[in-house]
Amino acid sequence: MGIAEDYLDQMRQLLPPGPAWDVAFGDEVDQVLQGLAAEFARVDARGDDLLAEMYPATLRELLTDWERVMQLPDPCLGDSQGFEERRTAVIRRMIVGGGQSAVYFEGIAVSMGYPDAEVVRHRAPRFGSSRFGRDRFGSWAQQFFWTLQLGTPRPGGRRFGVSVWGERFGSNPNEGIECVVRRWAPAHTIVNFEYD
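Every value quoted in this text rests on a predicted model; they were computed, and no experiment measured them.

K.L.:
Lay out the overall build of the protein chain in plain terms, naming residues and giving numbers.
P.N.:
For the protein chain, the helix and strand inventory stands at six helices and three strands. Listing every helix and strand of the protein chain by position from the N terminus yields α-α-α-α-α-β-β-α-β. Residues counted as buried form 26% of the 196 residues belonging to the protein chain. Looking at the protein chain alone, contacts between residues at least 24 apart form 52% of all its contacts between residues at least 6 apart. Accessible surface computed for the protein chain: about 13800 Å², of which carbon and sulfur atoms make up 57%.

Listed below in structure tokens is the structure:
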């Protein structure tokens, strides 16, 4: 038995007693109830759909509203994303708490398609904490530099001899990760990106 039949059965049971409502004397009332039952079933199903739209992992229809609330699409990643990428961005924006640790930035890189990402922190030379032959020495400002080693860069950059007429020359498919990391990097630091 479907939802419409359940509503029809319930409305038949809620009718008051008496010959005016008996189907044997005329089925006009039952026809009205059948029409109401179908509409109630449709509203009930749409209510279930609305409950599914309340959480980004199950949404299908309200993606643009979620993006508006979450201030998406991300200007670093552009507008040319598919439905799944857009929904993933909404989920990421909703559950990610942010951070300034190396693990946080490695996680961002992994989620954007760089599984071998690793943060390398550079240390300023300090007496007693540096070891001969192990530490690289630099200036005092080196303590504010860090490197995000991303592994293999994403293919598809436009360069001389590979591009065709009309394509933007010099575009970098890795600009998205660099923009996101620079935006969330600690303000007093400078990040360098290394690709294999």
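K.L.:
Lay out the sheet that holds strand β1 (residues 118–121) in plain terms, naming residues and giving numbers.
P.N.:
The three strands are arranged β1-β2-β3 in an open sheet whose pairing can be described as mixed. Lying at the two open borders of the sheet, with one neighbouring strand each, are β1 and β3 (190–195). Pairs of neighbouring strands in the sheet enclose a mean axial angle of 25 degrees, with direction left out of account. Bridge count between β1 and strand β2 (residues 145–151): four bridges; the pairing is antiparallel. Along β2, the bridge assignment pairs V119 with L148.

K.L.:
Just give me the short version of helix α5 (residues 102–111), but keep the residues and values in it.
P.N.:
Within α5, burial applies to A102, Y104, F105, I108 and A109. One side of α5 carries all its buried residues, which in axial view fall inside an arc of 165 degrees. Elements in contact with the buried residues of α5: β1, β2 and α6 (175–184).

K.L.:
Give a detailed account of the environment of A57, specifying residues and quantitative values.
P.N.:
The residue A57 is located in the loop between α2 (28–52) and α3 (63–69) in this model. The spatial distance from the C-alpha of A57 to the C-alpha of R87 is 7.3 Å, given a sequence separation of 30 residues. If we ignore the near neighbours within four places in the chain, the residues touching A57 are R87 and I91.

K.L.:
Describe in detail the packing of aromatic side chains, supporting the description with residues and values.
P.N.:
Per the stated rule, a full pass over the model turns up three aromatic pairs. Note on Y104 and F105: the rings are 5.2 Å apart at their centroids and 75 degrees apart in plane angle, and the pair reads as edge-to-face. F105 matches Y104 in its accessibility class, with the two residues each being buried. Here the aromatic cluster, defined as three or more aromatic residues joined through ring pairs, consists of Y104, F105 and W146.

K.L.:
Provide a residue-level description of the packing of α5 against α6, including the pertinent values.
P.N.:
Orientation of α5 relative to α6, taken along the N-to-C sense of each, is 155 degrees, at an axis distance of 10 Å. Of the possible angle classes, the one that applies to α5 and α6 is roughly antiparallel. In terms of crossing hand, the pair formed by α5 and α6 is right-handed. Here F105, I108 and A109 of α5 come into contact with α6, specifically with I177, V180, V181 and W184. A class-by-class count of the residues in the contact of α5 with α6 yields seven nonpolar, no polar and no charged.

K.L.:
So what about the side chain of T147? Which residues, and what values?
P.N.:
Secondary-structure assignment places T147 in strand β2. When sequence neighbours within four positions are dropped, the list of residues in contact with T147 reads E118, V119, V120, H122, N192 and E194.

K.L.:
Tell me about a nonpolar patch on the surface, and name the residues and values.
P.N.:
On the surface, a nonpolar cluster with roughly 380 Å² of combined accessible area is contributed by Y55, M94, I95 and V96. By the element assignment, V96 lies in the loop between α4 (83–95) and α5.

The rules behind these values
- For every chain, the first residue of the written sequence is number 1, and numbering continues from 1 onward in sequence order.
- This being a predicted model, a pLDDT of at least 70 is required before a residue's local features are given, and a value of 80 or more before pairs of side-chain atoms are given or counted; all residues contribute to the totals for chains, interfaces and linings.
- For side-chain calculations, the full set of non-hydrogen atoms in the structure is used, while hydrogens and water are omitted.
- Elements are defined by DSSP. Helices are runs of H or I of four residues or more, strands are runs of E of two residues or more, and each kind is numbered from the N terminus.
- The cut-offs for exposure are 20% and 50% of the maximum accessible area for each residue type, with area from a 1.4 Å probe on protein chains only; residues under the lower value are buried, those over the upper are exposed, and the others partly exposed.
- Residue contacts are defined here by distance: any two heavy atoms, one from each residue, within 4.5 Å place the two residues in contact.
- Where accessible areas are quoted, they stem from the Shrake-Rupley method and a 1.4 Å probe; at the residue level, only the protein chains shown are allowed to cover.
- For two strands to be treated as a pair, DSSP must find no fewer than two bridges joining them.
- Axis lines are fitted to C-alpha atoms, over the contacting stretch for helices. Their N-to-C directions set the angle, which ranges from 0 to 180 degrees.
- Within this analysis, the arc is defined by the directions that extend from the helix axis to the C-beta atoms.
- Only Phe, Tyr and Trp rings are paired, with Trp represented by its six-membered ring, and only when their centres lie within 6.5 Å; those with planes under 30 degrees apart are stacked, over 60 edge-to-face, the remainder tilted.
- Put simply, angles under 35 degrees are roughly parallel, angles over 145 are roughly antiparallel, angles from 65 to 115 are roughly perpendicular, and the rest are oblique.
- Crossing handedness is read from the near helix: turned anticlockwise from the far helix by less than a right angle, it gives a left-handed crossing, and turned clockwise, a right-handed one.
- Residues are grouped as follows: Ala, Val, Leu, Ile, Met, Phe, Trp, Tyr, Cys and Pro are nonpolar; Asp, Glu, Lys and Arg are charged; all remaining types, including Gly, are polar.
- Residues form patches when they are more than 30% accessible in relative terms and have no salt bridge. Like charges link within 9 Å. Nonpolar side chains (Val, Leu, Ile, Met, Phe, Trp, Tyr) link within 5 Å.
- Each reported salt bridge corresponds to a side-chain nitrogen of Lys or Arg within 4 Å of a carboxyl oxygen of Asp or Glu.

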